[in-house]
2 protein chains.
Amino acid sequence: MESVHKTHHCGELRKEHVGQEVVLNGWVHKQRDFGGLIFLDLRDRSGLVQVVCNPETSPAAVEIAQKVRSEYVLAVRGKVINRSPETVNPKLETGEIEVQAEEIEILTPAKTPPFVIQDQVDVDEPVRLKYRYLDLRRPVMQQTLILRHRAMQVVRRFLDERGFIEVETPMLTKSTPEGARDYLVPSRVHPGEFYALPQSPQLFKQLLMVAGMERYFQIARCFRDEDLRADRQPEFTQIDIEASFLPQEAFLEMMEEMVATLFRETIGVEVERPFPRITYREAMEKYGSDKPDLRFGMELVDLSEIVRNSGFKVFSSTVAAGGQVKAINVKGCAGWSRKEIDSWGETAQQLGAKGLAWLAVKEEGRKGPVAKFLSEEEWDRIREATEAETGDLLLFVADRPQVVAHVLGELRLKLGKHLNLIDPNAYRFAWITEFPLLEYDEETKRYYAMHHPFTMPVEEDIPLLKTDPGRVRAQAYDMVLNGYEIGGGSQRIHRREVQEAMFEALGLSMDEAREKFGFLLEAFEYGAPPHGGIAFGFDRLVMLLAGRSNLRDCIAFPKTASASCLMTEAPSPVDERQLDELHITVREEVTQKAE
Amino acid sequence: MESVHKTHHCGELRKEHVGQEVVLNGWVHKQRDFGGLIFLDLRDRSGLVQVVCNPETSPAAVEIAQKVRSEYVLAVRGKVINRSPETVNPKLETGEIEVQAEEIEILTPAKTPPFVIQDQVDVDEPVRLKYRYLDLRRPVMQQTLILRHRAMQVVRRFLDERGFIEVETPMLTKSTPEGARDYLVPSRVHPGEFYALPQSPQLFKQLLMVAGMERYFQIARCFRDEDLRADRQPEFTQIDIEASFLPQEAFLEMMEEMVATLFRETIGVEVERPFPRITYREAMEKYGSDKPDLRFGMELVDLSEIVRNSGFKVFSSTVAAGGQVKAINVKGCAGWSRKEIDSWGETAQQLGAKGLAWLAVKEEGRKGPVAKFLSEEEWDRIREATEAETGDLLLFVADRPQVVAHVLGELRLKLGKHLNLIDPNAYRFAWITEFPLLEYDEETKRYYAMHHPFTMPVEEDIPLLKTDPGRVRAQAYDMVLNGYEIGGGSQRIHRREVQEAMFEALGLSMDEAREKFGFLLEAFEYGAPPHGGIAFGFDRLVMLLAGRSNLRDCIAFPKTASASCLMTEAPSPVDERQLDELHITVREEVTQKAE
């Protein structure tokens, strides 16, 4: 062929190209022999087009077309022609035309792939991961990666336009004693010493603020060696942002604008702004969660005061013991069978509740085990609080506040899904604010930083650090979307006396603190600007943008739940010589086991 | 202060702001008491501005200004006023105005830094690296990081506009037996197994081509555990690019355009295009280097044929033994003293030459030890070949071709610098093409791939793979600039029979090859498109754009030559518990030594 190099993408051909000679390059999606005519569906990143090979006009092309099989790579030269009306395929973007082949060259033959390249695959994920290079040929996977690319470009351009500077922070850095488990990298040059891969660029971005960079960002690779849940990867990507001299309010607004721009420019969704601000306390009260799904109601209603003296002892004794009684109103479900209600009761127990009390509001009156124990006055007040109407079903949990929040929060989500209350096309953002600065750990009898020890307390709570640390609120904020935390950040401490009070609350002397966070504290002594920042989980953001439910589908080469790559078979044993150079040995119990 | 949040950047204030009230945030660059008036130079990322505190108009501001020292972080509210003509500072971009302080707030005090924050520092690099957050406050360092940021954005936008998709490839991947030394990461979940940090995304980008992504890029972090030279870092950044179905010529043109866009949009330099194409062979012949500095001439001239039968035995016997005699013409230096010439002779010997012959062309005739051994005919031909004129100095090296190229190539560069022949503002690009595909190793008596075993041979040389592998040229290309290799790439093999011939030339059976490069070869069987790509050394590109000579000055947090971070003190010892979890032990000889 004179030139095998493409003039057009397969998926871009339309009626306006009719009459043009084109060269296409792509993969054979399907080959059909139709009474001597050979039809090839040719596929590239842009889509599919039908190529027709006619033995009368181009016998040489037919001869080759007869030999090709799925996934062969071809160059096709031909003319774009109209399809006859009865063969127009309205499901295909190129369905009004086809390419009449004049010449075909096989660029590369292909073995039959282990699964068919199409959006709907009926194949186990491990097979897809082993043959990731075939899995990624599926249009839906390509579109997700392209969306991911687009998202990165939009975010970078947004931040660049606002004076944020992209800085690459080190991957080979220092192991820090706090936080999650580090991935370690043995040093060859410094025997017995190790680098750690960064869990986040947190310290470096704060140092960049001390360095006067003023506005920093990075789409950064981060690492955590934790046992993986479905939505975790050992290496993940975050949009990492930090700014100096920027009031928190202005910063949050800018981040809202960034996310709104991202949604507009990637998936064409106009996000409602400003995002509601919900305090941590309110979120826990209303939704039993600090990352509420706001796409539906069914809020948790606190009935503790109403049932404090109730004849229903399960309720009143729980309240007396410092617990809570809360309910959700499952609208219109009073007619559920006993069996159905019981199955939700089992779910509640699996979630940690002792039981799930219920009350159905029927035409003939209230029904259910709880009903008869409630006085008329109690019922009136409950009905008012829960806005219960005839046809509604109330579900109650009485327990310690954490348990009530967890159980009813989860039930709310499951019921929302079960009852189709959730609009899959809705994007409901919010900021969760005023997180507690510290968490008390019963086991070690001390406070721990809920975010990290450099998080700034709410100004008016600073005196409480000495008197009642558990009540101190942090200048921290999470961005949530549809039940996911998509970003989290805070203002940072930049004043020494606040930092000292913080360490004191954590039970650390300045000397101990210096041992743990030495170079950062030293840096802070040379003039740290007021600063704060945020990090967005980029993989999850892409997952939400793409409307997918599996995080691995949004990453080009993901790892399994056991942190393996099924394609490259990483991790793997290495040569003894490599370990010699790194001054390390694999422990005997491991090598013995392998023998 | 009502609001401490900045309304303007320090460095942006000009005459047009006169009369405006501004709030500035920044670092005290200098404080001077001038007869009761306090002058503060306030600095932020954008530059410096002078703040004046007048005891008559704002005694409170003066009181605070008296207390501040260098590197204090301040908020200053004040009015922009004209400087009186005699105090205008033309060296300062804000030098026509100053800010009359109305209010000053100390946001954070600062200790006296270990060195003054200014472009010219008289302090050892280790101190700068330990206090990197102060070193990065120096305007020249900030400008370099901002340039680096800008370069990344320009490259991404350029590639995005041309349909390249940015894909993040894994950092935790598989150790490969070939190439440089890997950094290893022990696996906790898979005892005795290791990940490797990528030396480049080479395999993944080729897999993305097999996956039909068609055009890929990434500004990728890569890792090599090699002993570091001045211009190497253990972790470095490359602009990594791969494309399918794109003819090499179109690809090289696109890369030229990318680099030209980069230079235009970062430093305003218009690069001359198209870049000259120089074959590897020609580059070695003319410049003794495959990364020639084309900013000046002084090309190497081959005199071997002329002196083959010369009476000067050093020359004729070298040629007889298969060696070369080449010269460079050092224009206008015939008058150099014997001492001066001898010192270049010593340099030549340090570079590996046995000696440096010379000949000065003077008014009174040719002078130097070589002169008398050359016949008139030889001298006529040499003069013609070297274009020697009266006043010129010829330097000769006779040796094996590799030695001649190395010695004269290096002498050429050193003389170019010494004689100020190099325009520091010139940017002379070229493509070096037709690299040898294979290199023969005398020690192991076999061929090795010069780039990697997937590099496509020049089409017409493919038959030579079986008969004369050393003569096969590769479809490989390096982009060079001013004596640096800034990028290197190749077309890749996508046809099985070529790949097999390549492995055969390397002395590998397909089975052995499969063991080494298993998953990539398997992927190639499912329809690999014709593809090729390139990788640019981004750190070095930034260095050249910024006009710096130290690679570390172009990286925010670089490592030393022993791969240490002096700021964080990475690498460092870790807890025994961490090693327990990773199933590894530090070798006894190391731990004993430490005790």
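What you are looking at is a predicted structure, and each value in this text was computed from that prediction instead of being measured. (Residues numbered from 1 in each chain as written. Chains lettered and ligands numbered in written order. Predicted model: local features only at pLDDT ≥ 70, side-chain atom pairs only at ≥ 80, totals over all residues. Heavy atoms only, no water.)

## Some words on the overall build of chain A
The helix and strand inventory of chain A stands at 17 helices and 23 strands. Summarising its shape, the C-alpha atoms of chain A cover approximately 95 × 75 × 60 Å along the three principal directions. Counting only residues that meet the buried cut, chain A has 57% of its 595 residues in that class. Once local pairs closer than 6 in sequence are excluded, the contacts in chain A between residues at least 24 apart make up 67%. Each charge class in chain A can be summarised by its mean position, and for the 75 positive and 96 negative side chains these summaries are 3 Å apart. (Helix = DSSP H or I, 4+ residues; strand = E, 2+ residues; numbered from the N terminus. Buried < 20%, exposed > 50% of the residue type's maximum accessible area, 1.4 Å probe, protein only. Contact = heavy atoms within 4.5 Å. Lys, Arg positive; Asp, Glu negative; His and termini not counted. Charge placed at Lys NZ, Arg CZ, Asp CG, Glu CD.)

## Observations concerning the interface of chain A and chain B
The partner chain B presents 124 residues to the 124 residues of chain A that form the contact. Taken together, both faces of the contact between chain A and chain B bury some 10,900 Å²; the carbon and sulfur share is 58%. Summed over the three residues of chain A that lose the most area to chain B, namely E168, Y526 and R587 of chain A, the buried surface amounts to 8% of that side. Scanning the region where chain A abuts chain B turns up 20 salt bridges. In this structure, the salt-bridge partner of R148 of chain B is E168 of chain A, at a minimum N-O distance of 2.7 Å. For the interface between chain A and chain B, the tally reads 77 residue pairs in polar contact (both at pLDDT 80 or more). (Buried area = accessible area lost by both parts, 1.4 Å probe. Salt bridge = Lys/Arg side-chain N within 4 Å of Asp/Glu carboxyl O. Polar contact = N/O pair within 3.5 Å; in protein donor to acceptor, adjacent residues only side chain to side chain.)

## Overview of the packing of aromatic side chains
For any pair of aromatic rings, the description consists of the separation of the ring centres together with the inter-plane angle of the planes. Summed over the entire model, instances satisfying the criterion amount to 38 aromatic pairs over all chains. Their ring planes at 70° and their centres at 5.7 Å tell us that W27 of chain A and F245 of chain B sit as a pair that is edge-to-face. Separated into two different chains, W27 of chain A in strand 1 (residues 21-34) and F245 of chain B in the loop between strand 10 (235-244) and helix 6 (248-267) make up a pair that spans both. A single burial state applies to W27 of chain A and to F245 of chain B, both of which are buried. Every member of this aromatic cluster is reached through a ring pair, and the members are F263, F275, Y427 and F429 of chain A. (Phe/Tyr/Trp six-rings, centres within 6.5 Å; stacked < 30°, edge-to-face > 60°.)

## Observations concerning the sheet that holds strand 22 (residues 531-537) of chain B
All names here are of chain B. Strand order in the open sheet made by the eight strands is 6-9-10-22-21-20-17-11, with mixed pairing throughout. Edge positions in the sheet fall to strand 6 (165-166) and strand 11 (277-279), since each of these pairs with one other strand and no more. With nine bridges connecting them, strand 9 (residues 215-223) and strand 10 associate as antiparallel partners. Its bridge partner being in strand 10, F217 is matched across the sheet by I241. Helix 7 (residues 280-287) contacts strand 11 and strand 17 (429-433) of the sheet and is inclined by roughly 85° relative to strand 11. (Pairing = 2+ DSSP bridges. Axes fitted to C-alpha atoms, helices over the stretch in contact; angles between N-to-C directions.)

## Quick look at the nonpolar core
Within the largest apolar cluster, 138 residues are counted, with the highest numbers of intra-cluster contacts made by Y133 and L197 of chain A together with Y133, L197 and L207 of chain B. Ignoring sequence-local partners within four residues, the contact set of Y133 of chain A consists of M567 of chain A together with L207, V210, A211, F519, E522, A523 and Y526 of chain B. (Core = buried A, V, L, I, M, F, W, Y, C linked by side-chain atoms within 4.5 Å.)

## Some words on the UniProt feature "binding site: ATP" (unreviewed entry) in chain A
The positions UniProt marks with the feature "binding site: ATP" (unreviewed entry) are R224, D225, E226, Q233, E485, G537, F538, D539 and R540 of chain A. Residue position: D225 of chain A is located in the loop between strand 9 (215-223) and strand 10 (235-244). Setting aside residues no more than four positions away along its own chain, D225 of chain A makes contact with R181, D182 and Y183 of chain A together with R188 and L582 of chain B. Structurally, the position occupied by E485 of chain A is in strand 21 (residues 484-491). Not counting the four nearest positions on each side in its chain, E485 of chain A is found in contact with K291, D478, M479, V480 and R540 of chain A. (UniProt positions renumbered as here; feature names shortened; annotations may be inferred.)

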